[in-house]
Amino acid sequence: LKEMEAVMNDNRSSIGLYVGRFQPLTKGHMGVLQQMTKENKLSYILLVKGPVSSLDKKKNPFPAELQIEMINAVIDKNFKGKIKLLVVPSADIYKITKEHIPGKKFVMYCGPDREQQYKNFIRYFEADGMSLEINTADGKRTPGISGTDARQALINNDIDRFKKICPEAIWPFFDRLKEQLK
């Protein structure tokens, strides 16, 4: 875990965590990432994406390898040097942070729909003397900007709608994503 070494050697004490399915990454996700990068107190922002997709192919049709490729394209185009992608099973966030990044403060960002779910993690961190703060992303969900909407645009072969939902770095993946939905 090379990323973990760099995080441990950073003098700043807080690490941002953003957990998601990213099926695919949308402009809504981008808004959260942009908010996180404005936080100067964060030494790193770790996107946490599980290594496998769930068996629900309607909600999670894209293989992890393709998702990682898309997320890296977004990071390279918009956040190079500010965000590190960490691929671990979401359920292992606590274990990974405890074993590989001890002594740091963690700030997890999420949408308002996930806030209560992630607040349940706080007790595990505190039990081991670690700190986890939950920040709800600014604003609310934008109607028509979601992974579900992006997948529907792919099914409808509506590239214009897809471009309104997904960041520019994702646009070149349109045909490959569309194939996954057949």
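Just so it is clear, the structure is predicted and the values come from calculations on it, not from any experiment. (Residues numbered from 1 in each chain as written. Predicted model: local features only at pLDDT ≥ 70, side-chain atom pairs only at ≥ 80, totals over all residues. Heavy atoms only, no water.)

Undergrad: Even after reading the chapter, I still don't get the overall build of the protein chain, so can you show me in this structure?
TA: Check the secondary structure of the protein chain and you find 9 helices and 5 strands. Of the regular secondary structure in the protein chain, the N- to C-terminal order runs α-β-α-β-α-β-α-β-α-α-β-α-α-α. Out of the 182 residues belonging to the protein chain, those deemed buried represent 45%. Looking at the protein chain alone, contacts between residues at least 24 apart form 74% of all its contacts between residues at least 6 apart. Here the protein chain displays about 9700 Å² of accessible surface, and carbon together with sulfur accounts for 47% of that area. (Helix = DSSP H or I, 4+ residues; strand = E, 2+ residues; numbered from the N terminus. Buried < 20%, exposed > 50% of the residue type's maximum accessible area, 1.4 Å probe, protein only. Contact = heavy atoms within 4.5 Å. Areas by Shrake-Rupley, 256 points an atom, 1.4 Å probe, with all protein chains shown as cover.)

Undergrad: Just checking my understanding: could you explain the pattern of salt bridges for this structure?
TA: Opposite charge on two side chains lets them pair, provided their charged atoms get close. In this structure the tally under the stated criterion is 6 salt bridges. Note that aspartate 76 and lysine 80 form a salt bridge whose closest N and O atoms lie 3.8 Å from each other. For aspartate 76, a relative accessible area of 48% translates into the label partly exposed. The class for lysine 80 is exposed, based on a relative accessible area of 62%. (Salt bridge = Lys/Arg side-chain N within 4 Å of Asp/Glu carboxyl O.)

Undergrad: So what exactly am I meant to see when it comes to helix α2 (residues 27-37) here?
TA: Every buried residue of α2 is accounted for by His29, Met30, Val32, Leu33, Gln35 and Met36. Tucked inside the fold, the buried residues of α2 contact β1 (14-19), β2 (42-48), α3 (64-78), β3 (83-86), β4 (105-110) and β5 (131-136). The N-cap residue of α2 is threonine 26: its side-chain oxygen and the backbone nitrogen of glycine 28 are 3.2 Å apart. (Polar contact = N/O pair within 3.5 Å; in protein donor to acceptor, adjacent residues only side chain to side chain.)

Undergrad: How should I be thinking about the sheet that holds β5 in this particular structure?
TA: Each strand in a sheet pairs with another by means of backbone hydrogen bonds, the pair being arranged parallel or else antiparallel. Read across the open sheet, the 5 strands follow the order β3-β2-β1-β4-β5; overall the sheet is parallel. Looking at which strands have only one partner, the edges of the open sheet turn out to be β3 and β5. Within this sheet the neighbouring strands show an average axis-to-axis angle of 30 degrees, counted without direction. Two strands pair when backbone bridges link them, and β4 and β5 are joined in this way by 6 bridges, in the parallel orientation. (Pairing = 2+ DSSP bridges. Axes fitted to C-alpha atoms, helices over the stretch in contact; angles between N-to-C directions.)

Undergrad: Honestly, the nonpolar core in this entry has me stumped. Any pointers?
TA: One broad rule of soluble globular proteins: the nonpolar side chains tend to lie buried together. Of all hydrophobic cores here, the largest spans 34 residues; its most connected members are Leu25, Leu33, Leu47, Phe162, Ile170 and Leu177. When residues of this core are traced back to their parent elements, those giving at least two are α2, β2, α3, β3, β4, α7 (147-155), α8 (159-165) and α9 (174-180). Counting residues per element, this core draws most heavily on α3, which supplies 5 residues. Beyond its immediate stretch of four places on either side in the chain, leucine 25 contacts Met30, Leu33, Ile71, Val74, Cys166, Pro167 and Ile170. Ile15, Tyr94, Ile96 and Ile134 belong to the second largest nonpolar core, which has 18 residues in total. (Core = buried A, V, L, I, M, F, W, Y, C linked by side-chain atoms within 4.5 Å.)

Undergrad: Honestly, the packing of aromatic side chains in this entry has me stumped. Any pointers?
TA: Any pair of aromatic rings gets described here by the distance separating the centres and the angle formed by the planes. Counting across every chain of the model gives 4 aromatic pairs. Summarising the aromatic geometry, the rings of phenylalanine 162 and phenylalanine 174 are spaced 5.2 Å apart at their centres and angled 70 degrees between planes, so their arrangement reads as edge-to-face. Pair noted here: phenylalanine 162 is in helix α8 and phenylalanine 174 is in helix α9, with a separation of 12 residues, a long-range link. Judged by relative accessible area, phenylalanine 174 falls into the buried class, the value being 4%. (Phe/Tyr/Trp six-rings, centres within 6.5 Å; stacked < 30°, edge-to-face > 60°.)

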